Amino acid sequence: MNKKPDDWTVLSMLEWATDYFKSKNIPDPRHSIEWLLAEMLGVKRLDLYLKFDRPLSPAELDRLRPLVKRRADHEPLQYITGFSEFMNARISVTPAVLIPRLETEQLVETMLAHHPDETLSVLDIGTGSGCIPIALKMERPGWQLSAIDISDEALSVARENARQNEVEINFSEGNILSPETITIDGRFDVIVSNPPYISPNEKEILEPQVREFEPHTALFFNDIEMMYQKIIEFSLHNLSENGCLYLELHEQYSAKIMALFDDKKWDARLLEDYDKKPRFIIANRL
């Protein structure tokens, strides 16, 4: 930002920062500065294109400068701005929780499409920011939503997100690897989980904005098959008759996870994501 303050407009900032982010190998450089600039100005990103000639004041530049630096250091946009959009919800995020992904939106959309008229009780295992149960509750107010997580910090974020989005979710601490820690009573019509499904061996191939900033406990697990086996076993004993289990998974392990389902106990099928990768399992308890 070596121009004089009077020289900066919305357009010149968009152009300069896009090139700057490109030089730093920042993914989606144009989108990055659009998001930061729109957030700083308090407008929608599309509105920036109606304000190309709007000058940026010295005070605005002072507020924008540290945000640009943080993004240039590969910090995720969602952590810089403090929120992420997830379906119809605004989800606050901190480094204590994973940033919601598009694939998880597709998982929620699939659940809603498969249960259009029913009134269900649902448990989310490993809720993180709470994005899954919150989005479900906003679309299906009559559903009873519960969620567990191993992290106190994550649960604090999830509870605040439920409050901000004006929905009631039963959050509690619980570790699926030690099912005795899960104290939520009753059987569920649906159980859903997006557990950590990346092997630690893959850490170095991840983008820096993921590897260096997002919580490793929500990303990585040493024995991925064991994690899913625990979820499947818990679900078998805690789903109602004909209940349904929804799982998000790494496409690399899809066949191995499918093999964990006993055909005499489950009717399981694999679904692809928008990129045609095997990403979800839907399993009905027989």
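Owing to the predicted nature of the structure, the values given are computational and were not obtained by experimental measurement.

Visitor: Would you mind going over the packing of helix 2 (residues 29-41) against helix 3 (residues 58-72) with me for this structure?
Guide: Between two packed helices, what matters for the description is the angle formed by their axes and the separation of those axes. Between helix 2 and helix 3, the least distance of the axes is 10 Å, while the angle of their chain directions is 145°. As for how helix 2 packs across helix 3, the hand of that crossing is right-handed. Each of S32, I33, L36, L37, M40 and L41 in helix 2 lies in contact with helix 3, whose residues at this interface are E60, R63, L64, L67, V68 and R71.

Visitor: Would you mind showing me how to read the nonpolar core here?
Guide: If you look at soluble globular proteins, the nonpolar side chains tend to sit buried side by side. Grouped together as the largest cluster of nonpolar side chains are 35 residues, with contacts concentrated most on V122, L136, I169 and Y246. Looking at this core, the elements that each hand over two or more residues are strand 2 (89-92), helix 5 (102-114), helix 6 (131-139), strand 4 (144-149), helix 7 (152-164), strand 6 (188-193), strand 7 (239-248) and strand 9 (278-285). Here I169 is in contact with P133, I134, K137, L145, S146, A147 and A162, once residues within four sequence places are set aside. With 32 residues, the next largest nonpolar core counts I148, I176, F188 and I232 among its residues.

Visitor: Honestly, helix 6 in this entry has me stumped. Any pointers?
Guide: One turn of the α-helix equals 3.6 residues, which is why residues spaced by three or four share an orientation. Extensive coverage of helix 6 is indicated by the burial of seven of its nine residues. Three or more residues of helix 6 are buried, namely C131, I132, P133, I134, A135, L136 and K137.

Visitor: What's the story with the sheet that holds strand 4 in this structure? I'm lost.
Guide: Within a beta sheet, neighbouring strands are joined by backbone hydrogen bonds and run either parallel or antiparallel to one another. Reading across from one edge, 5-4-3-6-7-9-8 is the order of the seven strands in this open sheet, with mixed pairing throughout. The two strands at the open ends of the sheet, each matched to only one other strand, are strand 5 (170-173) and strand 8 (266-272). Each adjacent strand pair in this sheet contributes to an overall mean axis angle of 15°, direction not counted. The pairing of strand 7 with strand 9 spans five bridges and is classified as antiparallel. Across the sheet, Y246 pairs through a bridge with I282, a residue of strand 9. Helix 5 rests against strand 3 (121-125), strand 6, strand 7, strand 8 and strand 9 of the sheet, and its axis sits at about 155° to strand 7. Lying on the sheet, helix 6 is in contact with strand 3, strand 4, strand 5 and strand 6; it crosses strand 4 at an angle near 175°.

Cut-off values and rules
Residues numbered from 1 in each chain as written. Predicted model: local features only at pLDDT ≥ 70, side-chain atom pairs only at ≥ 80, totals over all residues. Heavy atoms only, no water. Axes fitted to C-alpha atoms, helices over the stretch in contact; angles between N-to-C directions. Helix = DSSP H or I, 4+ residues; strand = E, 2+ residues; numbered from the N terminus. Left-handed = near helix turned anticlockwise from the far one by under 90°. Contact = heavy atoms within 4.5 Å. Core = buried A, V, L, I, M, F, W, Y, C linked by side-chain atoms within 4.5 Å. Buried < 20%, exposed > 50% of the residue type's maximum accessible area, 1.4 Å probe, protein only. Pairing = 2+ DSSP bridges.

Structural measurements only, silent on function.
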